[in-house]
Amino acid sequence: MASLPAAALTTVGLVGGFATARTTKNRPLGGAVLAAAGAGAFALWKKDAGLPAAIGLTVLYLGAFGGSHPLAKKLGAWPAVWAVTGATAAASLAVPSKKA
């Protein structure tokens with residue numbers, strides 16, 4: 001299992017990035033939160049599960065961000081963010097660690 005801190009960082013990035021953008025009305029600032037958390041998660045995934053897993057999980061993380069936008073039209077903004085966040089965190093935890 002990849003590290004819990006990486007899953008927590010994806011949560012901070014997706015939920016925190018959205019909350020930051022919405023609260024401040026500054027989308028680039030929300031994007032900076034998303035990017036910083038994603039970079040931290042990538043580093044942890046690379047250390048814990050290896051480069052291919054880190055790349056795959058980063059693609060998923062960015063895809064979740066992008067996918068939350070059309071999903072928000074069906075579910076609402078916050079439910080969409082929580083849905084993609086849960087899926088991303090679960091995938092992060094499901095990836096085997098190379099340390100195991």
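Keep in mind the model is a prediction, meaning the values are calculated, not measured. (Residues numbered from 1 in each chain as written. Predicted model: local features only at pLDDT ≥ 70, side-chain atom pairs only at ≥ 80, totals over all residues. Heavy atoms only, no water.)

Caption draft 1: Molecular detail of unusual backbone geometry. Unlike most non-glycine residues, Lys25 shows phi in positive territory, near 60°. We classify Lys25 as exposed; its relative accessible area is 75%. (Buried < 20%, exposed > 50% of the residue type's maximum accessible area, 1.4 Å probe, protein only.)

Caption draft 2: Looking closely at the environment of Thr85. Its place among the elements puts Thr85 in helix H4 (residues 77–94). In this structure Thr85 comes out as buried when scored by relative accessible area, which is 3%. With residues up to four places along the chain from it excluded, the contact list for Thr85 reads Thr11, Leu14 and Val15. (Helix = DSSP H or I, 4+ residues; strand = E, 2+ residues; numbered from the N terminus. Contact = heavy atoms within 4.5 Å.)

Caption draft 3: Looking closely at H4. The terminal C-alpha atoms of H4, which comprises 18 residues, lie 26 Å apart, in line with the 26 Å expected from a rise of 1.5 Å per residue. Along H4, the positions that sit buried rather than exposed are Ala80, Val81, Val84, Thr85, Thr88, Ala89 and Ser92. Burial along H4 is one-sided: seen end-on, the buried residues are contained in an arc of 155°. In this structure, the buried side of H4 is in contact with helix H1 (4–24), helix H2 (27–49) and helix H3 (51–75). (Expected span 1.5 Å × (residues − 1). Arc of directions from axis to C-beta.)

Caption draft 4: Structural context of the side chain of Ser97. Topologically, Ser97 is positioned in the segment after H4. By relative accessible area, which is 14% here, Ser97 ends up buried.

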